[in-house]
Amino acid sequence: MKRRVSSSYGAAGSFAVLLLWVYYSSQLLFLGAEFTQVYSRQHGSRRAERQAAQAPQSGNQGPPPVGPST
(Lines give C-alpha, C1' and ligand atoms only; values in the text may rest on other atoms or scores of the structure.)
Protein backbone atom coordinates (compact mmCIF):
# COMPACT_ATOMS: atom_id res chain seq x y z
CA MET A 1 0.00 0.00 0.00
CA LYS A 2 1.62 3.22 -1.20
CA ARG A 3 0.79 6.53 0.43
CA ARG A 4 1.73 9.97 -0.67
CA VAL A 5 2.83 12.53 1.89
CA SER A 6 0.72 15.25 0.33
CA SER A 7 -2.45 13.19 0.45
CA SER A 8 -1.95 12.17 4.08
CA TYR A 9 -1.67 15.78 5.27
CA GLY A 10 -4.31 17.17 2.94
CA ALA A 11 -5.51 20.68 3.70
CA ALA A 12 -3.19 21.06 6.70
CA GLY A 13 -0.18 20.71 4.40
CA SER A 14 -1.40 23.36 2.01
CA PHE A 15 -2.22 25.64 4.95
CA ALA A 16 1.34 25.23 6.24
CA VAL A 17 2.70 26.09 2.80
CA LEU A 18 0.47 29.16 2.70
CA LEU A 19 1.72 30.29 6.13
CA LEU A 20 5.33 29.84 5.04
CA TRP A 21 4.69 31.84 1.88
CA VAL A 22 3.12 34.69 3.90
CA TYR A 23 6.03 34.63 6.35
CA TYR A 24 8.73 34.80 3.68
CA SER A 25 6.83 37.43 1.70
CA SER A 26 6.51 39.66 4.76
CA GLN A 27 10.20 39.25 5.55
CA LEU A 28 11.04 40.33 2.01
CA LEU A 29 8.72 43.32 2.33
CA PHE A 30 10.31 44.40 5.63
CA LEU A 31 13.81 43.98 4.19
CA GLY A 32 12.85 46.25 1.29
CA ALA A 33 11.39 48.82 3.68
CA GLU A 34 14.58 48.80 5.75
CA PHE A 35 16.70 49.24 2.63
CA THR A 36 14.49 52.11 1.48
CA GLN A 37 14.78 53.86 4.84
CA VAL A 38 18.58 53.60 4.90
CA TYR A 39 18.86 54.68 1.27
CA SER A 40 16.57 57.68 1.73
CA ARG A 41 18.49 58.84 4.80
CA GLN A 42 21.77 58.71 2.90
CA HIS A 43 20.71 59.80 -0.59
CA GLY A 44 17.21 61.22 -0.12
CA SER A 45 15.98 64.57 -1.25
CA ARG A 46 16.99 67.49 0.88
CA ARG A 47 13.86 69.49 0.36
CA ALA A 48 14.25 71.73 3.42
CA GLU A 49 17.76 72.78 2.41
CA ARG A 50 16.65 73.55 -1.14
CA GLN A 51 13.69 75.62 0.04
CA ALA A 52 15.89 77.59 2.44
CA ALA A 53 18.36 78.30 -0.37
CA GLN A 54 15.61 79.50 -2.70
CA ALA A 55 13.86 81.70 -0.11
CA PRO A 56 14.08 85.45 -0.76
CA GLN A 57 16.83 87.12 1.26
CA SER A 58 15.01 90.43 1.76
CA GLY A 59 13.91 91.71 5.15
CA ASN A 60 10.28 90.81 4.48
CA GLN A 61 9.54 87.76 6.59
CA GLY A 62 5.88 87.34 5.71
CA PRO A 63 2.54 89.14 5.90
CA PRO A 64 2.09 91.93 8.45
CA PRO A 65 0.48 91.02 11.78
CA VAL A 66 -3.28 91.32 12.03
CA GLY A 67 -4.86 93.46 14.72
CA PRO A 68 -4.13 96.76 16.44
CA SER A 69 -0.48 97.60 16.84
CA THR A 70 0.59 98.86 20.21
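Q: Explain the overall build of the protein here, please?
A: Per the secondary structure count, the protein includes three helices and zero strands. Along the chain direction, N to C, the helices and strands of the protein fall in the order α-α-α. When burial is assessed residue by residue, the protein has 0% of its 70 residues classed as buried. Accessible area for the protein stands at about 7,300 Å²; split by element, carbon and sulfur atoms hold 61% of it.

Q: It is not clear to me how a nonpolar patch on the surface should be interpreted in this structure. Could you clarify?
A: A cluster of nonpolar residues, Phe 15, Leu 18, Leu 19, Trp 21 and Val 22, forms a patch on the protein surface that exposes about 550 Å² of accessible area. Among the secondary structure elements, Phe 15 is positioned in helix α2 (residues 11-43).

Q: Help me out: how do you make sense of the packing of aromatic side chains in this one?
A: We describe a pair of aromatic rings using the distance from one ring centre to the other and the angle between the two ring planes. Across all of its chains, the model carries two aromatic pairs by this definition. Judged by centre distance (5.3 Å) and plane angle (65 degrees), the rings of Tyr 23 and Tyr 24 are edge-to-face. By relative accessible area, Tyr 23 is classed as partly exposed at 45%. Ring geometry for Phe 35 against Tyr 39: centres 6.1 Å apart, planes inclined by 25 degrees, an arrangement best described as stacked. Residue Phe 35 and its partner Tyr 39 are located together in helix α2, separated by four residues, close to a single helical turn. Given the relative accessible area of 47%, Tyr 39 is considered partly exposed.

Q: How should the environment of Thr 36 be read in this particular structure?
A: The residue Thr 36 is located in helix α2 in this model. A distance of 2.8 Å separates the side chain of Thr 36 from the backbone oxygen of Gly 32, its partner in a polar contact.

Basis of the calculations
Residues numbered from 1 in each chain as written. Predicted model: local features only at pLDDT ≥ 70, side-chain atom pairs only at ≥ 80, totals over all residues. Heavy atoms only, no water. Helix = DSSP H or I, 4+ residues; strand = E, 2+ residues; numbered from the N terminus. Buried < 20%, exposed > 50% of the residue type's maximum accessible area, 1.4 Å probe, protein only. Areas by Shrake-Rupley, 256 points an atom, 1.4 Å probe, with all protein chains shown as cover. Patch = residues over 30% accessible without salt bridge, like charges linked within 9 Å, V, L, I, M, F, W, Y side chains within 5 Å. Salt bridge = Lys/Arg side-chain N within 4 Å of Asp/Glu carboxyl O. Phe/Tyr/Trp six-rings, centres within 6.5 Å; stacked < 30°, edge-to-face > 60°. Polar contact = N/O pair within 3.5 Å; in protein donor to acceptor, adjacent residues only side chain to side chain.

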